[in-house]
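Architecture and fold: a report
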Amino acid sequence: RIKEELDAFFAGTLKEFSLPYKVDGSEFELQVWNATKTIPYGKTMSYADIAAQIGNPDASRAVGSALGKNLLPLLIPCHRVIGSDGELHGFAGGVEVKKFLLEHEAKFKGN
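Residues numbered from 1 in each chain as written. Predicted model: local features only at pLDDT ≥ 70, side-chain atom pairs only at ≥ 80, totals over all residues. Heavy atoms only, no water.

Brief notes about the overall build of the protein
If you tally the helices and strands in the protein, you get five helices and two strands. Each helix and strand of the protein, placed in order from N terminus to C terminus, yields the pattern α-α-β-α-α-β-α. A globule of 111 residues ought to have a C-alpha radius of gyration of about 13 Å, and the protein, at 13 Å, matches this closely. Each of the three principal axes of the protein carries a C-alpha extent, and together these read 40 × 30 × 25 Å. Burial status across the protein gives 37% buried among its 111 residues. When the accessible area of the protein is evaluated, it comes to approximately 6500 Å², of which 55% is carbon and sulfur surface. Each charge class in the protein can be summarised by its mean position, and for the 13 positive and 14 negative side chains these summaries are 4 Å apart. (Helix = DSSP H or I, 4+ residues; strand = E, 2+ residues; numbered from the N terminus. Rg over C-alpha atoms; globule rule 2.2 N^0.38 Å. Buried < 20%, exposed > 50% of the residue type's maximum accessible area, 1.4 Å probe, protein only. Areas by Shrake-Rupley, 256 points an atom, 1.4 Å probe, with all protein chains shown as cover. Lys, Arg positive; Asp, Glu negative; His and termini not counted. Charge placed at Lys NZ, Arg CZ, Asp CG, Glu CD.)

Next up, the structure:
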């Protein structure tokens, strides 16, 4: 099932994963990851947007730290979180992978 969903995602036909999973983290990390899951396919939000969404508007850097601990970066799509300046900042797989994923989603978001 994992392979099927990954294949569909990279073919541009899957916009939201349905794989069951469990993550462990602090209450703050779970809040950040849950907020990140609300970012629609092909869209982005800033670290500041996520911080504000979870009710902690001064926590942009802490949001980045929590996203750095995300072990499921496609299921919890932290590649969709960018800097307030519109620039790509940090990603466990590297900024080039983050750029690839965002370009991939932009290409297929209307399908």
